[in-house]
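Observations on the model geometry
Chain by chain, the residues:
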Amino acid sequence: MIVLGTLAVAWIVSQVSPAWTTRYLGVLLGPMLLLGALGLARAGTLGLVSLAIIVGIWAIPKSYGLENKSNASDLRTDAVPELHKGDVVISMQPEQGPLLAYHLERLGGAPDLRFANPMGPVKNDMIMDWTDGYDKLKAATPSKNLDPLIASLPTGGRILIVYPVTSRADDWDAPWTELVRRRGAQWGAALAHDPRLEPVKAVPIRYRRATRIGVRGVIYEKKNQ
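In this text, all values refer to a predicted model and were calculated from it rather than measured experimentally. (Residues numbered from 1 in each chain as written. Predicted model: local features only at pLDDT ≥ 70, side-chain atom pairs only at ≥ 80, totals over all residues. Heavy atoms only, no water.)

Overview of the environment of Leu83
Here Leu83 is to be found in the loop between α4 (72-79) and β1 (88-91). Each C-alpha atom of the pair Leu83 and Leu160 lies 8.3 Å from the other, and the pair is 77 residues apart in sequence. Non-local contacts of Leu83, meaning those with residues more than four positions away in its chain, are made with Pro111, Leu113, Leu160 and Ile219. (Helix = DSSP H or I, 4+ residues; strand = E, 2+ residues; numbered from the N terminus. Contact = heavy atoms within 4.5 Å.)

Description of the pattern of salt bridges
Counted according to the given criterion, the structure contains six salt bridges. In this structure, Arg196 and Asp147 form a salt bridge, with 3.5 Å as the shortest nitrogen-oxygen distance. Of this pair, Arg196 sits in the loop between α8 (175-192) and β5 (197-203) while Asp147 is found in helix α7 (residues 142-151), placing the two residues 49 residues apart along the sequence. On the basis of relative accessibility, which here comes to 31%, the residue Asp147 falls in the partly exposed class. Across the pair Glu178 and Arg182 runs a salt bridge whose closest N-O atoms are separated by 2.8 Å. Of this pair, Glu178 and Arg182 both sit in helix α8, four residues apart, which is roughly one turn of the helix. We classify Glu178 as partly exposed; its relative accessible area is 34%. Because the salt bridges share partners, they merge into one network encompassing Glu82, Arg158, Lys201 and Glu221. (Salt bridge = Lys/Arg side-chain N within 4 Å of Asp/Glu carboxyl O. Buried < 20%, exposed > 50% of the residue type's maximum accessible area, 1.4 Å probe, protein only.)

Considerations on the sheet that holds β5
The strands making up a sheet associate through hydrogen bonds between their backbones, and the pairing can be parallel or antiparallel. With mixed pairing, six strands are arranged side by side in an open sheet as β3-β2-β1-β4-β6-β5. Two strands lie at the open edges of the sheet, namely β3 (120-121) and β5, each paired on one side alone. Here two bridges tie strand β2 (residues 114-117) to β3, and the two strands are oriented antiparallel to one another. When the sheet's bridge partners are listed, Ala116 is paired in β3 with Pro121. (Pairing = 2+ DSSP bridges.)

Details of the environment of Ala52
Among the secondary structure elements, Ala52 is positioned in helix α3 (residues 45-59). What makes Ala52 exposed here is its relative accessible area of 52%. Taking C-alpha positions, Ala52 is 49 Å from Tyr134, a pair spaced 82 residues apart along the chain.

Overview of α7
Residues Asn145, Leu146, Leu149 and Ile150 constitute the buried set of α7. Seen along its axis, α7 keeps its buried residues to an arc of 125°; they face one direction. Every exposed residue of α7 that faces more than 90 degrees away from the buried side is listed here: Ser143 and Ala151. (Arc of directions from axis to C-beta.)

Focus on a nonpolar patch on the surface
Residues Leu29, Leu33, Val49, Ile53, Ile57, Trp58 and Ile60 make up a contiguous nonpolar surface patch of about 770 Å² in total accessible area. Among the elements that take part in the nonpolar patch, α3 stands out by supplying four residues, more than any other. Note that Val49 resides in helix α3. Owing to a relative accessible area of 44%, Val49 belongs among the partly exposed residues under this scheme. (Patch = residues over 30% accessible without salt bridge, like charges linked within 9 Å, V, L, I, M, F, W, Y side chains within 5 Å. Areas by Shrake-Rupley, 256 points an atom, 1.4 Å probe, with all protein chains shown as cover.)

Thoughts on the side chain of Gln96
Looking at the element boundaries, Gln96 is found in the loop between β1 and α5 (97-107). When residues no more than four places from it in sequence are discounted, the contact partners of Gln96 are Ser91 and Ile213.

Examining the packing of α7 against α8
The contact between α7 and α8 brings their axes to 11 Å, and the two run at 45°. Taken together, the axes of α7 and α8 lie oblique to each other. As α7 runs across α8, the sense of the crossing is right-handed. Between α7 and α8, the contacting residues are Pro142, Asn145, Leu146 and Ile150 on the first element and Trp187, Ala190 and Leu191 on the second. (Axes fitted to C-alpha atoms, helices over the stretch in contact; angles between N-to-C directions. Parallel < 35°, antiparallel > 145°, perpendicular 65-115°, else oblique. Left-handed = near helix turned anticlockwise from the far one by under 90°.)

Section: α3
For α3, which comprises 15 residues, the first-to-last C-alpha distance of 21 Å matches the rise-based estimate of 21 Å (1.5 Å per residue) to within 8%. α3 sits mainly on the outside: one of its 15 residues count as buried. (Expected span 1.5 Å × (residues − 1).)

Let's talk about the side chain of Thr177
Within the element layout of this structure, Thr177 appears in helix α8. Every residue in contact with Thr177, bar those within four places of it in the chain, is listed here: Asp171 and Trp172.

Here it is in structure tokens:
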């Protein structure tokens, strides 16, 4: 009852502020397996037959595999050759920061990049700090949070700004995702019109539509003032 009640409350609240996704039903898996095991144990011979059928069904090779969930690998391939030690990577969807750090540094071998999001520099690029995240993102402004990052770059230093692909607006209408989308537009406009910067390259060069998490970015270089 506690599990079902928790899910029911989450679903009802999400009708007011969209946040529900079907993967949340995964919390039912544990209790359902325990109940199923109890039923099979008490069913005797019929339970053994049922278990054999279940194992047989599970042994069938899956007919569907999720492919190209994210195009971060495409972004990595095109971005890493353009980045140097000390360059800044700004993830406009903050929770995607660790994914970018993994792809660019761990897989791509980019040297000692600095990571940030609209709320400012990130201390640990493999962790998303959700503490007061919405309030911090809501209070973030280009002058307060973006300008210091640009000012910290030496001449020739580069900034890679990475946006989520938000072409389907109905997937981005929850309070957090809608704010991410709006901040992405604001930061993108600020960088594009900053006289200290000049565009170097849009990445990835060719966009392979991602089935879940699409990203795109632009690399800027700080000019000699």
